[in-house]
Amino acid sequence: MNTNRHAWVLGATGQIGRTAVTALLADGWRVTAVSLRGGRDATWPDDVRTVALDRDADGALAAALGDDCDVLVDMVGFHGVHARQLTALTGRIGAAVVVSSGAVYTDGEGRGFDTAGRPGGDPRYPVPIPEVWTTVEPGDSTYATRKVLLERELLSAGEELPVTVLRAGAVHGPGCRTPRELYFVKRILDGRRRRVLAYGGKSVFHPAHTSNVAELIRLAALRPGSRILNAADPGTPTVAEIGELIDAVLGVETETLLLPGPPGEDHVGDTPWTIRHPVVYDMTAAERELGYRPVTTYADALPESVEWLSSRLSGREWTDAFPKLFQQYGPALFDYATEDALLERHRAR
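1. Brief notes about the environment of alanine 20
- Structurally, alanine 20 can be placed in helix α1 (residues 15–26).
- As for alanine 20 and alanine 214, which are separated by 194 residues in sequence, their C-alpha atoms are 4.5 Å apart.
- Filtering out sequence-adjacent residues up to four positions away, alanine 20 remains in contact with Met75, Ala214 and Ile217.

Spelled out as structure tokens, the structure:
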């Protein structure tokens, strides 16, 4: 293997970052793993160099980089300032691969993830969504507008700095700070055998497993170019199918009440996967331009995720294990009393 190629990975100890480092190592890259605290994953070999770096400190990235970076992989670029950090290093970086988000897309009337709550709350997106579809306007007001600003400033570098932008779907896998599967796993671990799903359980929010995103990073590092590509799994399970898959992993059967419409004001039937209209990403361009083939499917990757979630919950409150998820959804995510009251009303009919 050619170990002369050097990859710098920003955000290396995050959910996607750890998997991306492993994928690059397997492909023969010499890797510098960069994170705020300079940590390392237990699975990495000793020759992975680690660097502690606060990229938001003035000049820190430029000072730490060195002169032999063939590709810089950025998992934690969030706005225009981060884009300008990279474009200022043109000539010292051979190419870049930057993880963005599918949250940038709109419905063609300017309504997107930010304006409609969670994706699909109001807008109707094409199915599947191609990379040429409309996005929110760039700016500093929301997560999505900042991501678009990041993308546009990076791509403005042109041939001087080839940048592959990956618009990731609903990322899942061990290490996730906001694991959507927790909605099902915790209920089962709590002994619940009943659940409620809005929209008839038909919600589809295209998942993206960390290993599939890492595979796209690996391929883009080998084939530098200026491009935008979606990053998602090969399948699009509905929220009801996800629940059934998790039941199977844990060896239980669950009774599911399917509400035909949206969740009520009490949020019963709402899940982190629940959306009104399907959000599905077109992966044709990644297959054509990079020869992308997915590493795993949602179902095949699920047992590892369920095991990781179960271990994280052992002896802990879910609010402590996943504070960011609690911040997003609050206690309503596991309001069993309100859920049971609705179930009993339906049984009484």
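Next, the rest of the story.
2. Considerations on the packing of α1 against helix α6 (residues 210–222)
- Two numbers describe how α1 lies on α6: the axes approach to 8 Å, and their chain directions differ by 50°. As the angle between them shows, α1 and α6 are arranged oblique. Crossing of α1 over α6 shows right-handed handedness. Along its contact with α1, which presents Gln15, Ile16, Thr19, Ala20, Ala23 and Leu24, the element α6 presents Thr210, Ser211, Val213, Ala214, Ile217, Arg218 and Ala221.
- Counted by class, the contact of α1 with α6 contains eight nonpolar, four polar and one charged residues.

3. A word on helix α4 (residues 143–155)
- Taking 1.5 Å of rise per residue, the 13 residues of α4 would be expected to cover 18 Å, and the 19 Å separating its terminal C-alpha atoms lies within 8% of that figure.
- Within α4, burial applies to Ala144, Thr145, Lys147, Val148, Leu149, Leu150, Glu151 and Leu154.

4. A look at the packing of helix α5 (residues 182–189) against helix α7 (residues 239–250)
- Running from N to C, α5 and α7 cross one another at 40°; their axes reach a closest spacing of 10 Å. Taken as axis vectors, α5 and α7 run oblique relative to one another. Along this stretch, α5 crosses α7, giving a crossing that reads as right-handed. Residues Phe184, Val185 and Ile188 of α5 touch α7, and the partners they reach there are Val239, Ile242, Gly243, Ile246, Asp247 and Leu250.
- By residue class, the composition of the contact of α5 with α7 is seven nonpolar, one polar and one charged.

5. Looking at unusual backbone geometry
- Residue proline 128 is reached from valine 127 by a cis peptide bond, and omega for that bond is -5°.
- The topology assignment puts proline 128 in the loop between β5 (93–101) and α4.
- Even without a glycine there, the phi angle at tyrosine 199 is positive, about 55°.
- Inspection of the secondary structure puts tyrosine 199 in the loop between β8 (194–197) and β9 (207–209).

6. Focus on the pattern of salt bridges
- Applying the stated rule across the entire model yields 19 salt bridges.
- In this structure, arginine 192 and glutamate 339 form a salt bridge, with 2.7 Å as the shortest nitrogen-oxygen distance. Linking arginine 192 in the loop between α5 and β8 with glutamate 339 in helix α12 (residues 336–348), this pair joins segments that are 147 residues apart in sequence. By the burial criterion, arginine 192 is buried, and glutamate 339 matches it.
- Close ionic contact of glutamate 215 with arginine 218 constitutes a salt bridge, the shortest N to O distance being 2.8 Å. Of this pair, glutamate 215 and arginine 218 both sit in helix α6, three residues apart, which is roughly one turn of that helix.
- Each of Arg187, Arg192, Arg194, Glu255, Glu339, Asp340, Glu344 and Arg347 takes part in salt bridges that share partners, so that together they form one network.

Rules used in this analysis
- Residues numbered from 1 in each chain as written.
- Predicted model: local features only at pLDDT ≥ 70, side-chain atom pairs only at ≥ 80, totals over all residues.
- Heavy atoms only, no water.
- Helix = DSSP H or I, 4+ residues; strand = E, 2+ residues; numbered from the N terminus.
- Contact = heavy atoms within 4.5 Å.
- Axes fitted to C-alpha atoms, helices over the stretch in contact; angles between N-to-C directions.
- Parallel < 35°, antiparallel > 145°, perpendicular 65-115°, else oblique.
- Left-handed = near helix turned anticlockwise from the far one by under 90°.
- Nonpolar A, V, L, I, M, F, W, Y, C, P; charged D, E, K, R; others polar.
- Expected span 1.5 Å × (residues − 1).
- Buried < 20%, exposed > 50% of the residue type's maximum accessible area, 1.4 Å probe, protein only.
- Salt bridge = Lys/Arg side-chain N within 4 Å of Asp/Glu carboxyl O.

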